[in-house]
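One-letter residues, chain by chain:
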Number of protein chains: 2
Amino acid sequence: MRFFQNQIFLLSIFLVISASIEDGDNNLPYCYSSKSKNQDVPVTWKCDRSSKKCVRTITEKDDDPLSCKTSVTVCKLLCDEYGSLWPKPTGILNIEKELTSINVGDIAFVMTISDSNSELWNLLKELQNYFLEILRNSFKNKNIARGGNELKIIFDIKDEETTSFVQDANENYTLTVNIINNELVEVLIDGENFLGVRHAIETLTQLITYDLISNLVLIPKRVFISDAPFYKHRGILLDTSRSFYTVNSIKRLLDSMAYNKLNTFHWHLTDSHSFPFVSKNYPKMAVYGAYSSSQVYTWSDMIEIRNYAKIRGIRIIPELDTPAHVGEGWQFFDNEISPVILCYKSEPWRTYCIEPPCGILNPVNDEVYEILKKLYSEFNELFESDVFHMGGDEVTFACWNESESVTKWMKESSLTEQKYVKDFLTTDRYIIQIWTKGNNKQIADLLNDGYDVILSNYDALYLDCGYGAWIGEENNWCSPYIGWQKIYMNSPEKIIDDLRSKYPITAENPLSQVLGSEAALWSEQADENSLDTRLWPRAAALGERLWTNPKTDWKVAESRFLTQRERMVSRNIACDVAEMLWCYQNEGHCY
Amino acid sequence: MRFFQNQIFLLSIFLVISASIEDGDNNLPYCYSSKSKNQDVPVTWKCDRSSKKCVRTITEKDDDPLSCKTSVTVCKLLCDEYGSLWPKPTGILNIEKELTSINVGDIAFVMTISDSNSELWNLLKELQNYFLEILRNSFKNKNIARGGNELKIIFDIKDEETTSFVQDANENYTLTVNIINNELVEVLIDGENFLGVRHAIETLTQLITYDLISNLVLIPKRVFISDAPFYKHRGILLDTSRSFYTVNSIKRLLDSMAYNKLNTFHWHLTDSHSFPFVSKNYPKMAVYGAYSSSQVYTWSDMIEIRNYAKIRGIRIIPELDTPAHVGEGWQFFDNEISPVILCYKSEPWRTYCIEPPCGILNPVNDEVYEILKKLYSEFNELFESDVFHMGGDEVTFACWNESESVTKWMKESSLTEQKYVKDFLTTDRYIIQIWTKGNNKQIADLLNDGYDVILSNYDALYLDCGYGAWIGEENNWCSPYIGWQKIYMNSPEKIIDDLRSKYPITAENPLSQVLGSEAALWSEQADENSLDTRLWPRAAALGERLWTNPKTDWKVAESRFLTQRERMVSRNIACDVAEMLWCYQNEGHCY
């Protein structure tokens, strides 16, 4: 179990408008208005309007010269009920089934905000670069035909102050696309604040696609979308202690999170295995504790990451795991008389901890609190986050029980393993992150005790599960591997309903206490080599689960999910394969 | 079950000399003779000679000014019983525990062969580049100190004709390193033919390491190794039909195979899902059947891959899977009256095949044999291989049974599902690849029937196992995930012993009928994004299993295995994590 400390928390209730689809005029051609169909492309796709599926077609065998031939991405954009958007918008969704081309060299941005010296102004400039970079990336090595309409993007923002995600921030937006005089594509983005506007830009990137056949970059002629997330807290946990991840790989993670409208990067910075954080107060902790002098995060690295996240609407929640899960780095404070860390590297390790190397802070040494205070204040200054993660994972008392002074202290303060949580953590300042199975009674208990919670139930959200045991011959403890389908179906609503059928739930509105979820990548068996394939496309399923809270099952989402995977690959995220490309190209034939 | 066709096969019996280690003079310093120890490096490693493990040491806490401080790679090279070589040599192994530095800018090659216009000459030139490229790659971004001894590498080759691996080729070598006058490091490589010499170069790259502390490139002063593989056939199967792999990613695969002395790339080129092979006879098969016009292999691509493999001592065995496992591409021959392919994309697919899209060749259409003959002859010309793989996987008779002409033909030729194998495949020209579980009676039967076999028992060698089901909510059919330990312990000798305890084995020397093994990467759920992490470091365990046939278990190999993983990563192979880096850095403390 993990604990968040947060500043005053307000739960905002969203009005979730169930998605409504308007098909537009059925007489309109289902493809873009292109005069120069490239007949040299032998394989094209046709939308079957009754099944709403794209059908792979050998062009030279196709006896209908008037049939509409498109590349697979264009077909899916038009044929799919939800315009192949991921995650699916929760409000109104109206995409006209006719496309027009845009000139990627002729894109203008209009910002109607009051202060051009403000942080918002700078963030919007960065957001423009972000948008253009995605287009560049997606269309690299493509032979794009000249011409196309000008694209003008107009930002309208109500709250110019809120620029970072905080626990109660509004992320709503509306997005309108209109073609004017057949020469200008105007996009109006309306957001409560920067966060909504950013999400709208994300949606816009998904509406723009390159067509292999005409060599044009295309967008629907008219669009209206209103959208807002169902859950506030949509996160990924990354453990950078067991394995080190370079700044570049963390930036790639932030990119891919943004593509899926995930908004919280829970940075499990330290643990017992390595201490990569170069503290200003205690730089020697990294010297002693990092895997090497190049496998560290300096202040400048971390500020770079924080700013990179901010442009992407992502808040960083740093974690300094204590009192257990400490080890390397802390031996710097080695002091025989009053140790800061107890049981450092004690063996046999199974006696003292869950995983080598062992280590636990000495609660009766005042120096410990002095060090923590200084480290916390550095984290606070670095990450500007409204929430801080206090760790608290796997506190085993075996080590404390061996120390006379600690047992005396525990006796005096009536501390027992059982009482550890409730007495210390008030419901107004602490959020509990839950990593038991989804059907564990503790979830019901915590809800009944009034805690807000983040679900990271390991049976659906631990993305490191299912591999070989890192020691021994069997599979790792939380096997089997979790498919994207399970993540997609891991609905907090369903978890609460299932709990209610077994345990009394006295909380009045328990769902309102679930702030959201986090998928976790613990790094016993992952590092930046496997970062992309472990997380993606699976964590994209989490993105839609939390943003959309879909009522339909994974089968309904499958085609869009495969499209999102291909989209991410085109943006250089090395996603794993969820299904063969054949299934993406032959929708509905893999079942 | 799969079938190989091969030219006459001769089993060569190797004299396997059990490894003998000479420690050299115990009074010699256990580290290199460096005057300029970099005292700024705070963490170093010391060899504990009794446990033969490297101990991580905080230098500034180390009160012994005379203790030998090295970087972790140098410590492991000297401290490890087998010089951290992977796979472990099978013959004499004698590595002096003292290092000297070499100047990577001053490397000379001496080739004492008769004909400088021969293919061998060219291959040796390429091999030199290969060697230099590995050094460049391993030491990139390293701050290497100037100076060091000249390195001279002398090749001595008996058989100048054998340049490619064929089924009975000799791969033996000896490698001698000597320091002469404290200014020249002379390496003598003695091989029966190019293959042995190549393996010796591979071993040599593992003896050269960069030391972070002195900034020197180091090599043991004296080495003698004699080495030969236990099993002949040491392969990887890659399926490039379900997912496409670029030429570059296949080259990366060949590199990493070479690093582990694997010698056979079984290229499962085509299947029902896509037909990426651009045939000269039938170019339209790829037009119809490839995933896209850029996801194809042209003749020039394939020749490039073949030559790349050759320099690495790797033979390519191409496979055109038939009669089942055909589909996309074959619809080009569409002919209503006498179809070439039956049941193409038939649904419900479970009725007609194991995986969509269905398809099986029509055995009563003579055109089928004409097409196959032409495709086979292209493969033959392209790959110059002595072995060709005929597929034969998962022939379900459901489709054939529905065709009147096929059932008539089956009746006439007394063909039944059961009789399919034995009547057609003679033991002198066919090798059987086995993919059942390792304890399947069929293995005993095939050995008793006199077949030579390749083991790819799926319970230890299917590297795609253990992920989510690609359709549905559970895990894929061959779950769980297979850890490297299981692959390492998958000994053909043990498999035969276990079979013998349950079934009669009448073959006189069944082990001699096991030519080796192949690990398989089927691509329902893998593509070039996951290629490296799926295969490595796990397939390195196969490398030692087959080359060394170790009698000791994975625990004994663990430390060297982690070193091999780090070595491959330093050469840009995106290996997965087998154990936390902490375990590599703190040998013996993860258990």
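For clarity, every value in this text was computed on a predicted model and none was experimentally measured.

Broken down by element type, chain A carries 18 helices and 21 strands. In terms of overall dimensions, chain A is globule-like: its C-alpha atoms have a radius of gyration of 26 Å, near the 25 Å expected for 591 residues. In chain A, which comprises 591 residues, the share counted as buried stands at 62%. For chain A, restricting intrachain contacts to residue pairs at least 6 apart in sequence, the fraction spanning at least 24 positions comes to 75%. For chain A, the computed accessible surface area is about 21900 Å², with 49% contributed by carbon and sulfur atoms. One way to put it: in chain A the 59 positive side-chain charges average out to a point 5 Å from where the 82 negative ones average out.

Here the focus is the packing of helix 6 (residues 299–311) of chain A against helix 8 (residues 366–383) of chain A. Between two packed helices, the angle of one axis relative to the other and the distance separating the axes together describe the packing. All names here are of chain A. At a closest axis distance of 9 Å, the pairing of helix 6 and helix 8 adopts a crossing angle of 45°. Our classification of the angle between helix 6 and helix 8 gives oblique. Of the residues in helix 8, those in contact with Trp299, Met302, Ile303 and Arg306 of helix 6 are Glu378, Glu381, Leu382 and Phe383.

What follows covers unusual backbone geometry. That bond from Pro356 of chain A to Pro357 of chain A is cis: its omega, -5°, falls within 30 degrees of zero. Following the sequence through the fold, Pro357 of chain A ends up in the loop between helix 7 (349–352) and strand 17 (360–361). Following Ser479 of chain A, the chain continues to Pro480 of chain A via a peptide bond in cis, the omega torsion being 5°. Along the chain, Pro480 of chain A turns up in the loop between helix 12 (458–461) and helix 13 (484–488). Not every positive phi belongs to a glycine, and Asn215 of chain A is a case in point at roughly 60°. With respect to the helices, strands and loops of the structure, Asn215 of chain A is situated in the loop between strand 10 (209–211) and strand 11 (216–220). One non-glycine residue, Asn572 of chain B, lies in the positive phi region at around 70°.

For the rest of this paragraph, the subject is the side chain of Arg565 of chain B. When you line up the elements, Arg565 of chain B lands in helix 17 (residues 554–570). Given the relative accessible area of 7%, Arg565 of chain B is considered buried. Here Asp527 of chain A takes part through its side chain, which lies 3.0 Å from a polar atom of the side chain of Arg565 of chain B. Residue contacts for Arg565 of chain B: discarding those within four places in its chain leaves Asp527 and Asn529 of chain A together with Pro537, Cys575, Asp576 and Val577 of chain B.

We now examine the state of the cysteines. This structure, assessed with the given rule, holds twelve disulfides over all chains. Note that Cys54 of chain B is cross-linked by a disulfide to Cys75 of chain B, the S-S spacing being 2.2 Å. Judged by the torsion about the S-S bond (-105°), the Cys54 of chain B/Cys75 of chain B disulfide is left-handed. Remark: Cys75 of chain B occurs in helix 1 (residues 72–79) and Cys54 of chain B occurs in strand 4 (residues 53–58); sequence separation between them is 21 residues. The disulfide bridge from Cys583 of chain B ends at Cys590 of chain B, spanning 2.1 Å between sulfur atoms. For the disulfide bridge between Cys583 of chain B and Cys590 of chain B, the dihedral angle about the S-S bond is near -75°, and by the sign convention the bridge is left-handed. Classification of Cys583 of chain B as buried rests on a relative accessible area of 5%. Free of any disulfide, Cys575 of chain A has its nearest cysteine sulfur in Cys583 of chain A, 16 Å distant. Given a relative accessible area of 0%, Cys575 of chain A falls into the buried group.

A few words now on the side chain of Glu524 of chain B. When you line up the elements, Glu524 of chain B lands in the loop between strand 21 (514–521) and helix 15 (531–535). A polar atom in the side chain of Glu524 of chain B sits 3.0 Å from the side chain of Arg242 of chain B.

Turning our eyes to something else, we now look at the pattern of salt bridges. Residue and element names in this part refer to chain A. Enumeration over the complete set of coordinates arrives at 56 salt bridges over all chains. When the shortest N-O distance is used, the salt bridge between Glu202 and Arg198 registers 2.6 Å. With a gap of four residues between them, Glu202 and Arg198 both fall in helix 3 (residues 194–207), about one helical turn apart. Like Arg198, Glu202 is buried. Between Asp532 and Arg252 there is a salt bridge; the shortest N-O distance is 2.9 Å. Placement of Asp532 in helix 15 (residues 531–535) and of Arg252 in helix 4 (residues 247–259) is noted, with a sequence separation of 280 residues between them. Note on Asp532: relative accessible area 5%, which makes it buried. In the salt-bridge network here, residues are joined through shared partners; they are Asp239, Arg242, Asp271, Glu355 and Glu524.

Residue and element names in this part refer to chain B. For helix 3 (residues 194–207), built from 14 residues, the straight-helix expectation of 20 Å at 1.5 Å per residue is met to within 8% by its first-to-last C-alpha distance of 20 Å. Among the 14 residues of helix 3, 14 are classified as buried, and the element is accordingly described as predominantly covered. A distance of 2.8 Å separates the backbone nitrogen of Leu195 from a side-chain oxygen at the start of helix 3, and that oxygen is part of Asn193.

Okay, the packing of aromatic side chains next. All names here are of chain B. A full pass over the atoms with the stated rule returns 69 aromatic pairs over all chains. Between the aromatic rings of Tyr462 and Trp477, the centroid separation amounts to 6.2 Å while the plane-to-plane angle is 90°, which identifies the pairing as edge-to-face. Here the residue Tyr462 occupies a position in the loop between helix 12 (458–461) and helix 13 (484–488), and Trp477 occupies one in the loop between helix 12 and helix 13, the gap between them amounting to 15 residues. For the cation-ring pair, Lys88 lies above Tyr82, with the distance from its terminal atom to the ring centre recorded as 4.6 Å.

The next point concerns the relation of the copies chain A and chain B. Expressed as a screw operation, the relation of chain A to chain B combines 0.0 Å of axial shift with a rotation of 180°, fitting to an RMSD of 0.0 Å. Expressed as an axis order, the relation between the two copies is that of a two-fold axis.

This next bit is on the interface of chain A and chain B. In this complex, chain A contributes 69 residues to the contact, which on the side of chain B involves 70 residues. Across the interface of chain A and chain B, roughly 5600 Å² is buried in total on both sides, 50% from carbon and sulfur atoms. In this structure, the connection of chain A to chain B is made through six salt bridges. Arg534 of chain A serves as the salt-bridge partner of Asp576 of chain B, at 3.0 Å between the closest nitrogen and oxygen. Inspection of the chain A/chain B interface yields 40 residue pairs in polar contact (both at pLDDT 80 or more).

Along the chain, the position of Cys353 of chain A falls in the loop between helix 7 and strand 17. Separated by 53 residues in sequence, Cys353 of chain A and Val406 of chain A place their C-alpha atoms 17 Å apart.

This part is about the environment of Phe244 of chain B. Locating Phe244 of chain B in the fold gives a position in the loop between strand 13 (233–239) and helix 4 (247–259). The residues contacting Phe244 of chain B, other than those within four sequence positions of it, are Pro276, Ser294, Gln295, Val296, Tyr297, Asp527 and Glu528 of chain B.

The residue Ala169 of chain B is located in the loop between strand 7 (149–157) and strand 8 (173–180) in this model. Dropping the residues within four chain positions of it, Ala169 of chain B is found in contact with Thr162, Leu195 and Lys232 of chain B.

Right, let's get into the pairing of strand 11 (residues 216–220) of chain B. Residue and element names in this part refer to chain B. Counted residue by residue, strand 11 has five buried out of five residues, so it is predominantly covered. What you see with strand 11 is no split at all: Leu216, Leu218 and Pro220 on one side and Val217 and Ile219 on the other are buried throughout. Judged from the four bridges that link them, strand 6 (residues 99–111) and strand 11 form a sheet pairing that is antiparallel. Paired with Ile102 across the strands is Val217, a residue of strand 11. Counting the residues in the hairpin turn of strand 10 (residues 209–211) and strand 11 gives four residues, including Asn215, whose phi is positive at 60°.

Right, let's get into the pairing of strand 6 (residues 99–111) of chain A. In this structure, strand 6 of chain A lies alongside strand 7 (residues 149–157) of chain A, joined through six bridges in parallel fashion. Across the sheet, residue Met111 of chain A finds its bridge partner in strand 7 of chain A, namely Phe155 of chain A.

Okay, helix 6 of chain A next. Residue and element names in this part refer to chain A. With 13 residues, helix 6 extends 19 Å from end C-alpha to end C-alpha; this agrees with the ideal 18 Å at 1.5 Å per step. Taken together, the buried positions of helix 6 are Trp299, Asp301, Met302, Ile305, Arg306, Tyr308, Ala309, Lys310 and Ile311. Buried residues along helix 6 sit against helix 2 (119–138), helix 3, helix 4, strand 14 (264–270), strand 15 (315–322) and helix 8. Of the residues flanking the end of helix 6, it is Gly313, one or two places downstream, whose phi is positive at about 70°.

Glancing now at the confidence of the model for chain A. Looking at chain A, pLDDT values average 90 and 91% of them are 70 or higher. For the stretch residues 1–30 of chain A, pLDDT sits under 50, and the model shows 101 contacts to residues farther than four places along the chain or on other chains.

What counts as what
- Residues numbered from 1 in each chain as written.
- Chains lettered and ligands numbered in written order.
- Predicted model: local features only at pLDDT ≥ 70, side-chain atom pairs only at ≥ 80, totals over all residues.
- Heavy atoms only, no water.
- Helix = DSSP H or I, 4+ residues; strand = E, 2+ residues; numbered from the N terminus.
- Rg over C-alpha atoms; globule rule 2.2 N^0.38 Å.
- Buried < 20%, exposed > 50% of the residue type's maximum accessible area, 1.4 Å probe, protein only.
- Contact = heavy atoms within 4.5 Å.
- Areas by Shrake-Rupley, 256 points an atom, 1.4 Å probe, with all protein chains shown as cover.
- Lys, Arg positive; Asp, Glu negative; His and termini not counted.
- Charge placed at Lys NZ, Arg CZ, Asp CG, Glu CD.
- Axes fitted to C-alpha atoms, helices over the stretch in contact; angles between N-to-C directions.
- Parallel < 35°, antiparallel > 145°, perpendicular 65-115°, else oblique.
- Polar contact = N/O pair within 3.5 Å; in protein donor to acceptor, adjacent residues only side chain to side chain.
- Disulfide = S-S within 2.5 Å.
- Salt bridge = Lys/Arg side-chain N within 4 Å of Asp/Glu carboxyl O.
- Expected span 1.5 Å × (residues − 1).
- Phe/Tyr/Trp six-rings, centres within 6.5 Å; stacked < 30°, edge-to-face > 60°.
- Lys NZ or Arg CZ within 6 Å of the ring centre and 35° of its normal.
- Least-squares fit on C-alpha atoms with pLDDT ≥ 70 in both.
- Buried area = accessible area lost by both parts, 1.4 Å probe.
- Pairing = 2+ DSSP bridges.
- pLDDT = per-residue confidence, 0-100.

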